[in-house]
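Here's the letter readout for the chains.
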Amino acid sequence: MGRSIPIIACLAALGHVLAVALYPFSARFLDSENVAIIGLMDANIMLVVGWLGFGLSATATRDIALSGDWKKIISSTQSARLTLSLVFMVIGVVGLNVFDGNRYFWLALVAAPFLAVNYDYLLYGLGRPVSASVVSFLRQSIPLIIFCLLLVIGIADSDYYMPLIVVFAVFSAYAVSVLVKAPLIYKLDPFFMKIYWASVSIGIAGLVLGMQRYGFINILEGHLTNSEIVQLLVSLKCMLFVVACKRMLIQIFYTKLLDDLVAFKINIFCMASAIATIGTCWIFPDFLSSILFDSQDAADILRVMSLGVFSVLFFAVSDSKLLLIRKDRWMSISTVLTGLVFVSIIFSFRNELRLVDIVGLMVFFEFVLSFAYWVGLVYYKKTILKGGV
């Protein structure tokens, strides 16, 4: 495992650096409106992927890691995901033809079946993080590289972005099916709601968390300039990069997280990384903002965003440990309450909030969420030690 960590880290880091760099790079070849369109596509694809998971991906990964019969688990999970994706596609087609706004949200729903076929979470559950990282890189980064190359040679615009994402989602799903010798497409399940209902608390939490982390941008589409939307998207991508790094680290050690020493070491590493990142951003704000936002005027946004690294990495293993000890309810309630308050504030004050205020709210509510997970973990650990439930 130790030898595989550098490979996994390099692939993950490169993939997310490309995701963050996409916007400032695209701005050199496209106007701000087209760059904003790419961001809206990106945000809505992530939102739909989260809805398709609806807690199933997280609970399936856990159950696969703790069970020997992964084929039955993946079959029921993928059947449910694919069936729901067809429902989403129908809703998307209707939305495109009936409603005028949020075109990229409806398009993401139409693409749902192609996104649902991917099941690289299985590889993490099976303890194959290197294979999972390679497949994830194929799915997330290769389309970005191709899109950027098309921009350089002058034959691409924002309309090319979503088809590339969809095509490589299918390619990555095929790669997983070959690696594990399992079907690419599973049969539909008319009783798919029963599968989703089994993880409904985590699913609702995931839905709300998706709105908190990227879906809320649909609320702001008509209230920020295209340049501000691009800067907000870069901020979101940077924070999601930190979330992804944390998830990658946890997935590598997923089956060992109940060992308090392993969890402690991960927490210390994450906190040290957060402090180092904050220090770097506050010492070199103009230089870094010119790279990330293509503008030195965004230094204040960079400083606030850097605090989000601490918010995300505060006792980083708490949420995963809550899942492992099957205390999903606390995690779900914390996530739903935090997300609903955040989205309500964004919606209620969307006309008054400045961009730096929005980024500040993102950072604050990420910390509230991390703190709530930590409190829940401490409470349940004390309860277990005392012989409670």
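A brief report on the enclosed structure follows. All figures in this text were calculated on a predicted structure; none of them were measured in a lab.

### Notes on the overall build of the protein
Point 1. A count of helical and extended segments in the protein gives 20 helices and zero strands.
Point 2. In terms of overall size, the protein behaves like a compact globule, its C-alpha atoms giving a radius of gyration of 20 Å where 389 residues would be expected to give roughly 21 Å.
Point 3. Projected onto its principal axes, the C-alpha positions of the protein cover 55 × 45 × 45 Å.
Point 4. Relative to its full complement of 389 residues, the protein shows a buried share of 53%.

### Remarks on the nonpolar core
Point 1. Counting 126 residues, the largest nonpolar core has Tyr119, Phe147, Phe216, Leu232, Ile346 and Ile358 as the members making the most contacts within it.
Point 2. If one sorts the elements of this core by residue count, helix α14 (residues 226-252) sits on top with 15 residues.

### Regarding the pattern of salt bridges
Point 1. Taken as a whole and judged by the stated rule, the model has seven salt bridges.
Point 2. For lysine 321, the salt bridge identified is with aspartate 260, shortest N-O distance 3.1 Å. Within this pair, whereas lysine 321 is found in helix α18 (residues 318-324), its partner aspartate 260 is found in helix α15 (residues 260-283), the two being separated by 61 residues in sequence.
Point 3. Judged by its relative accessible area of 5%, lysine 321 is buried.

### Some details on the state of the cysteines
Point 1. Counted according to the given criterion, the structure contains zero disulfides.
Point 2. Cysteine cysteine 148 remains unbridged, with the sulfur of cysteine 238 as its closest cysteine sulfur at 15 Å.
Point 3. Judged by its relative accessible area of 17%, cysteine 148 is buried.
Point 4. Cysteine 281 provides the cysteine sulfur closest to cysteine 238, a residue in no disulfide bond, and the two sulfurs are 8.2 Å apart.

### Considerations on the packing of aromatic side chains
Point 1. Scanning all chains against the criterion turns up 20 aromatic pairs.
Point 2. On the numbers, 6.2 Å between centres and 65 degrees between planes, the contact of tryptophan 51 with phenylalanine 88 is edge-to-face. On the criterion of sequence distance, the pair formed by tryptophan 51 in helix α2 (residues 32-53) and phenylalanine 88 in helix α4 (residues 70-98) is long-range, its members being 37 residues apart.
Point 3. Accessibility expressed as a relative area gives 12% for phenylalanine 88, which makes it buried.
Point 4. When the ring of tryptophan 330 is compared with that of tyrosine 379, the centres are 6.2 Å apart and the planes differ by 20 degrees; the resulting orientation is stacked. With tryptophan 330 in helix α19 (residues 328-348) and tyrosine 379 in helix α20 (residues 355-385), the pair connects residues that are 49 residues apart, well separated along the chain.
Point 5. For tryptophan 330, a relative accessible area of 28% puts it in the partly exposed group.
Point 6. The structure contains a cluster of three or more aromatic residues connected by ring pairs, namely Trp51, Phe88, Phe99, Phe105 and Trp106.

Calculation rules
Residues numbered from 1 in each chain as written. Predicted model: local features only at pLDDT ≥ 70, side-chain atom pairs only at ≥ 80, totals over all residues. Heavy atoms only, no water. Helix = DSSP H or I, 4+ residues; strand = E, 2+ residues; numbered from the N terminus. Rg over C-alpha atoms; globule rule 2.2 N^0.38 Å. Buried < 20%, exposed > 50% of the residue type's maximum accessible area, 1.4 Å probe, protein only. Core = buried A, V, L, I, M, F, W, Y, C linked by side-chain atoms within 4.5 Å. Salt bridge = Lys/Arg side-chain N within 4 Å of Asp/Glu carboxyl O. Disulfide = S-S within 2.5 Å. Phe/Tyr/Trp six-rings, centres within 6.5 Å; stacked < 30°, edge-to-face > 60°.

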